[in-house]
Amino acid sequence: MIPYGKQQVTEADIAAVVDVLRSDFLTQGPAVPRFEQAVKAYCGAAHAVAVNSATSALHLACLVLELGPGDWLWTSPITFVASANCARYCGASVDFVDIDPQTYTMCPVALRRKLETAKLQQRLPKVVVPVDHCGHPANLAAIRDLAEEFGFRIVEDASHSIGGRYRGELIGGGAHSHMTVFSFHPVKIITTGEGGMLLTNDAALSERAALLRTHGITRDPARMMEPPDGDWYYQQIELGFNYRMTDIQAALGLSQLSRIDGYVARRNELARRYDEALSTLPIGLPYRDPHCYSGQHLYVVRIPSNEGGGRRAVFDALRRDGIGANVHYIPVHTQPYYRAMGFARGNFPIAESYYSEAISLPLFPAMSDRDLDTVVASLTRALRG
Ligand SMILES: *Cc1c(COP(=O)(O)O)cnc(C)c1O
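Conventions and cut-offs
- Residues numbered from 1 in each chain as written.
- Predicted model: local features only at pLDDT ≥ 70, side-chain atom pairs only at ≥ 80, totals over all residues.
- Heavy atoms only, no water.
- Axes fitted to C-alpha atoms, helices over the stretch in contact; angles between N-to-C directions.
- Helix = DSSP H or I, 4+ residues; strand = E, 2+ residues; numbered from the N terminus.
- Left-handed = near helix turned anticlockwise from the far one by under 90°.
- Contact = heavy atoms within 4.5 Å.
- Nonpolar A, V, L, I, M, F, W, Y, C, P; charged D, E, K, R; others polar.
- Salt bridge = Lys/Arg side-chain N within 4 Å of Asp/Glu carboxyl O.
- Buried < 20%, exposed > 50% of the residue type's maximum accessible area, 1.4 Å probe, protein only.
- Lys, Arg positive; Asp, Glu negative; His and termini not counted.
- Polar contact = N/O pair within 3.5 Å; in protein donor to acceptor, adjacent residues only side chain to side chain.
- Phe/Tyr/Trp six-rings, centres within 6.5 Å; stacked < 30°, edge-to-face > 60°.
- Lys NZ or Arg CZ within 6 Å of the ring centre and 35° of its normal.

Caption draft 1: Main features of the packing of helix H9 (residues 260-277) against helix H13 (residues 369-384). Between H9 and H13, whose axes approach to 11 Å, the crossing angle comes to 35°. Seen along the crossing, H9 lies across H13 with a hand that is right-handed. Of the residues in H13, those touching H9 at Arg266, Leu270, Arg273, Tyr274 and Ala277 are Asp369, Leu372, Val375 and Val376. Counted by class, the contact of H9 with H13 contains six nonpolar, no polar and three charged residues.

Okay, structure coming up:
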């Protein structure tokens, strides 16, 4: 089986992890701040908070932006459920903005239209979560203009796009987004096993996220209600969580980070090979914005319903050939949990049409050109019926 995505772990990664295992700290040691330092330096962000998943990072972002009951978070229906669920953890409500048919990211035109209506109804969102779907950056400048006009904060779900660029700016640098979230799940660009990170240029937001990552506990006397009882003393000043990343994970992440540019370059090279090899087939290929550099987490093709028996038939044929094709994503508003809130099929037609045709083809740095040829041959056979 050629999987749709797969981590690459080198001997250097293994040695870095073993070093931590032999050291004094498996968690709360020096590897976590070292990894944070390296990621924020790489992205050009002022602050970074490492956590145990992107899901936790999204939750912390919502908490520090004071999202709560009565508030709204808007995101794209074409994303992993975590981009929406983070609002629900805070007791806030979720709504969606349909995607742009070309980039498959949140459509700024649909966003403006929805904001204008929401303004009249006095239910403007407090937080908007654009998703850099497949690694292609969302239209961040347009969304930032709307953020200034309508007064919401942007939490960019960049789980697919670390190492990518939006109009020359590295993703995570905060040129447009107030906060940026990365995932280090093994299928993503670089991995820590499980893990995530929250980046921002706002010191206060970062400090509070770091506090909530570890139970809301501080050891800083300046933040305590009264002087410490002694060196052992800490105070819990808010209700936080245990969302910490371990040093074992951070060491793996730091080692992986040293290869990130090569990984993203190889992903883009494979994507260009797919573009070329698939150009004569009757399917939709990904849009490539000349002003952006995609993290290229996924390579999604669209199978029109009248070609090769449609998406389902083509998908099944690929799987029969041992191609680990996948689909990203089932529109979040059609999940039973969100349907129970009143969402229904038909609410976001562009997202739903995208979903009905989409297949993610295998794409990962260690994939060989031969693997790619195998995928192309299988897809071509499936389409010729
Ligand atoms: C993977 C992913 C997440 C969740 O990441 P975890 O680290 O598994 O919590 C969130 N959003 C998107 C778009 C993702 O792809």
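Don't stop here, the text continues.
Caption draft 2: Structural view of the pattern of salt bridges. The tally for this structure, following the rule as stated, stands at 19 salt bridges. A salt bridge links Asp71 to Lys126; its shortest N-O distance comes to 3.2 Å. Of the two residues, Asp71 sits in the loop between helix H3 (54-64) and strand S2 (72-75) while Lys126 sits in the loop between helix H5 (108-120) and strand S4 (127-129), which places them 55 residues apart along the sequence. Its relative accessible area of 18% is what places Asp71 among the buried residues. With its nearest N and O atoms 2.9 Å apart, the salt bridge here joins Arg123 to Asp95. Residue Arg123 is located in the loop between H5 and S4, and its partner Asp95 is located in strand S3 (residues 93-96); the two are separated by 28 residues in the primary sequence.

Caption draft 3: Here's a closer look at the side chain of Arg311. You can see Arg311 is positioned in helix H10 (residues 310-320). Although buried, Arg311 forms no salt bridge, and the nearest oppositely charged side chain, Asp316, lies 8.2 Å from it. Polar contacts involving the side chain of Arg311 include one to the main-chain carbonyl oxygen of Ala358, which spans 3.0 Å.

Caption draft 4: Broad picture of the packing of aromatic side chains. Following the criterion strictly, the structure yields nine aromatic pairs and no others. Ring geometry for Phe96 versus Phe348: centroids 6.0 Å apart, planes at 70°, classification edge-to-face. Here Phe348 lies in the loop between helix H11 (336-339) and helix H12 (349-357) and Phe96 lies in strand S3, a separation of 252 residues in the sequence. Across this residue pair, the class does not change: Phe96 and Phe348 are buried. Consider the rings of Tyr337 and Tyr338, whose centres lie 4.9 Å apart with planes at 85°: the pair is edge-to-face. Taking the relative accessible area as the measure of exposure, Tyr338 reaches 1% and is therefore buried. Through successive ring pairs, a cluster of aromatic residues spans Phe96, Tyr337, Tyr338, Phe343 and Phe348. Across the ring face of Trp74, the terminal group of Lys114 is positioned such that the distance to the ring centre comes to 5.4 Å. Positioned above the aromatic ring of Tyr355 is the side chain of Arg311, whose terminal nitrogen or guanidinium carbon lies 4.9 Å from the ring centre.

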